[in-house]
Amino acid sequence: MITFDSVTKRYPDGTVAVDHLSLEAPTGEITVFVGPSGCGKTTSLRMINRMIDASEGRILLDGEPVQNIDPPTLRRGIGYVIQQAGLFPHRKIVDNVATVPYLLGWDRKKARARAMELLERVGLDPAFAGRYPFQLSGGQQQRVGVARALAADPPVLLMDEPFSAVDPIVRTSLQDELLRLQSELNKTIVFVTHDIDEAIKLGDRVAVLRVGGKLAQLADPKTLLSE
Ligand code: ADP
Ligand code: ADP
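Residues numbered from 1 in each chain as written. Chains lettered and ligands numbered in written order. Predicted model: local features only at pLDDT ≥ 70, side-chain atom pairs only at ≥ 80, totals over all residues. Heavy atoms only, no water.

The name given to the protein chain in an unreviewed UniProt entry is ABC-type quaternary amine transporter, with Nonomuraea fuscirosea as the source organism. Taken directly from UniProt, the Sequence similarities (unreviewed entry) text for the protein chain runs: "Belongs to the ABC transporter superfamily." (UniProt positions renumbered as here; feature names shortened; annotations may be inferred.)

Around ligand 2, the neighbouring residues are Asn-49, Met-51, Arg-75, Ile-78, Tyr-80, Phe-88, Thr-99, Val-100 and Leu-103. One of the side-chain nitrogen or oxygen atoms of Asn-49 is found 3.1 Å away from a nitrogen atom of ligand 2. A distance of 3.3 Å is found between an oxygen atom of ligand 2 and a backbone nitrogen or oxygen belonging to Ile-78. Taking 540 Å² as the accessible area of ligand 2 by itself, protein coverage stands at 56%. Of the pockets mapped on this structure, ligand 2 occupies the largest pocket. When residues of the shell around ligand 2 are traced back to their parent elements, those giving at least two are strand E6 (78-81) and helix H4 (99-103). With 3 residues, H4 is the single largest residue contributor to the shell around ligand 2. Residues that form the shell around ligand 2 fall into these classes: 6 nonpolar, 2 polar and 1 charged. (Near = heavy atom within 4 Å. Polar contact = N/O pair within 3.5 Å; in protein donor to acceptor, adjacent residues only side chain to side chain. Areas by Shrake-Rupley, 256 points an atom, 1.4 Å probe, with all protein chains shown as cover. 1 Å grid on protein atoms, 1.4 Å probe; cavity = no way out; pocket = protein on both sides within 12 Å on 5 of 7 lines; lining within 4 Å. Sits in = over half its atoms within 2 Å of the grid points. Helix = DSSP H or I, 4+ residues; strand = E, 2+ residues; numbered from the N terminus. Nonpolar A, V, L, I, M, F, W, Y, C, P; charged D, E, K, R; others polar.)

On to the layout of surface pockets. Computed from the structure, the largest pocket encloses a volume of approximately 630 Å³. Arg-75, Ile-78, Gly-79, Tyr-80 and Val-100 are the residues nearest the centre of the largest pocket, which is lined by 26 residues in total. Contributing elements (two or more residues each) for the lining of the largest pocket: helix H1 (41-48), helix H2 (71-76), E6, H4 and helix H6 (138-150). Lining the second largest pocket are 13 residues, with Leu-61, Asp-62, Gly-77, Pro-155 and Val-156 sitting closest to its centre. Among the residues making up the lining of the second largest pocket, the classes are represented as 7 nonpolar, 4 polar and 2 charged. (Points joined across faces, edges and corners; volume = space filled by probe spheres on them.)

On to the environment of Thr-3. Here Thr-3 shows up in strand E1 (residues 2-10). Separated by 56 residues in sequence, Thr-3 and Ile-59 have C-alpha atoms that sit 5.5 Å apart. The residues touching Thr-3, leaving out its near neighbours within four places in the chain, are Leu-23, Glu-24, Arg-58, Ile-59 and Leu-60. (Contact = heavy atoms within 4.5 Å.)

Okay, the environment of Leu-23 next. Of note, Leu-23 is situated in strand E2 (residues 16-25). Distance from Leu-23 to Asp-197, taken between C-alpha atoms, is 21 Å for residues 174 residues apart in sequence. For Leu-23, the residues in contact, after removing those within four places along its chain, are Ile-2, Thr-3, Phe-4, Phe-33, Ala-207, Leu-215 and Leu-218.

The subject of this paragraph is the nonpolar core. One finds Met-159 and Phe-191 to be the most contacted residues of the largest nonpolar core, which totals 41 residues. With 5 residues, H6 is the single largest residue contributor to this core. When residues no more than four places from it in sequence are discounted, the contact partners of Met-159 are Leu-45, Val-81, Val-146, Leu-178, Ile-189, Val-190, Phe-191 and Val-192. (Core = buried A, V, L, I, M, F, W, Y, C linked by side-chain atoms within 4.5 Å. Buried < 20%, exposed > 50% of the residue type's maximum accessible area, 1.4 Å probe, protein only.)

It is the contact of helix H5 (residues 108-121) with H6, at a shortest axis distance of 9 Å, that shows an interaxial angle of 130°. Regarding the angle of H5 to H6, the classification is oblique. Relative to H6, H5 is oriented so that their crossing is right-handed. Here H5 contributes Arg-114, Leu-118 and Leu-119 to the contact with H6, which in turn contributes Val-144, Ala-147 and Leu-150. (Axes fitted to C-alpha atoms, helices over the stretch in contact; angles between N-to-C directions. Parallel < 35°, antiparallel > 145°, perpendicular 65-115°, else oblique. Left-handed = near helix turned anticlockwise from the far one by under 90°.)

For the rest of this paragraph, the subject is H6. In this model H6 runs 19 Å from its N-terminal to its C-terminal C-alpha over 13 residues, within 8% of the 18 Å that 1.5 Å per residue would give. Where burial is concerned, most of H6 is hidden: 10 out of the 13 residues are buried. Every buried residue of H6 is accounted for by Gly-139, Gln-142, Arg-143, Val-144, Gly-145, Val-146, Ala-147, Arg-148, Ala-149 and Leu-150. Where H6 is buried, its residues touch E6, helix H3 (93-97), H5, strand E7 (156-160) and helix H7 (168-185). (Expected span 1.5 Å × (residues − 1).)

What follows is the structure in structure tokens.
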């Protein structure tokens, strides 16, 4: 479980990106942060894995303040997926997915087997494993991005508008795939989007943020639907 305990982020120029945010993202659930551009969604995610640190308040991972965990250790337990998959252009798909296992010192064969299994899980045709990122569509690259984030089997998955850059039909299939995956994997997922329909579809709980970084509402998606 991830806990935000009255977290504030003030950037050096004085911008308050996140303002006394308190909420919980329970294990086994998808917690969605939704709100317009600039409401502090990305800032919130980056504080979880300590790409940046909170100015005030604490973020806890299973009760342990992330400030007490050194960033490399913290990040080993956190998969991160961004809008443009950010694949290494000169590495084959299978090696992109196996990057973290290689870094963790797994032997090549085991790491590649794991990568192949993950590619299948995210619904990518294994025939693509030997290709390079530029040979894949945007939606396929996002699948690879998700597979890569899952490679070390992290308990936490942070997803920053992962499906925003793909066309609506592909987006729907990626969303369905994520729900199916989560029903098997039971991770703690924090998913960021500006799309309220996506939030309602994916979220077990939905945190609605407004510009200035204040929590407007923490809702059950069914309640949001009826509004
Ligand atoms: P979102 O992800 O919801 O679009 P961000 O977390 O990226 O929002 O940004 C929240 C606010 O913080 C915005 O006003 C943004 O301009 C500001 N901001 C983001 N990064 C920085 C930074 N490095 N320095 C100063 N202000 C920043
Ligand atoms: P590098 O960018 O240093 O080549 P990798 O992308 O292979 O490293 O990832 C190394 C570790 O950092 C992994 O545990 C991965 O989950 C984490 N990581 C990669 N990108 C990000 C990111 N944008 N934010 C947070 N953690 C990240």
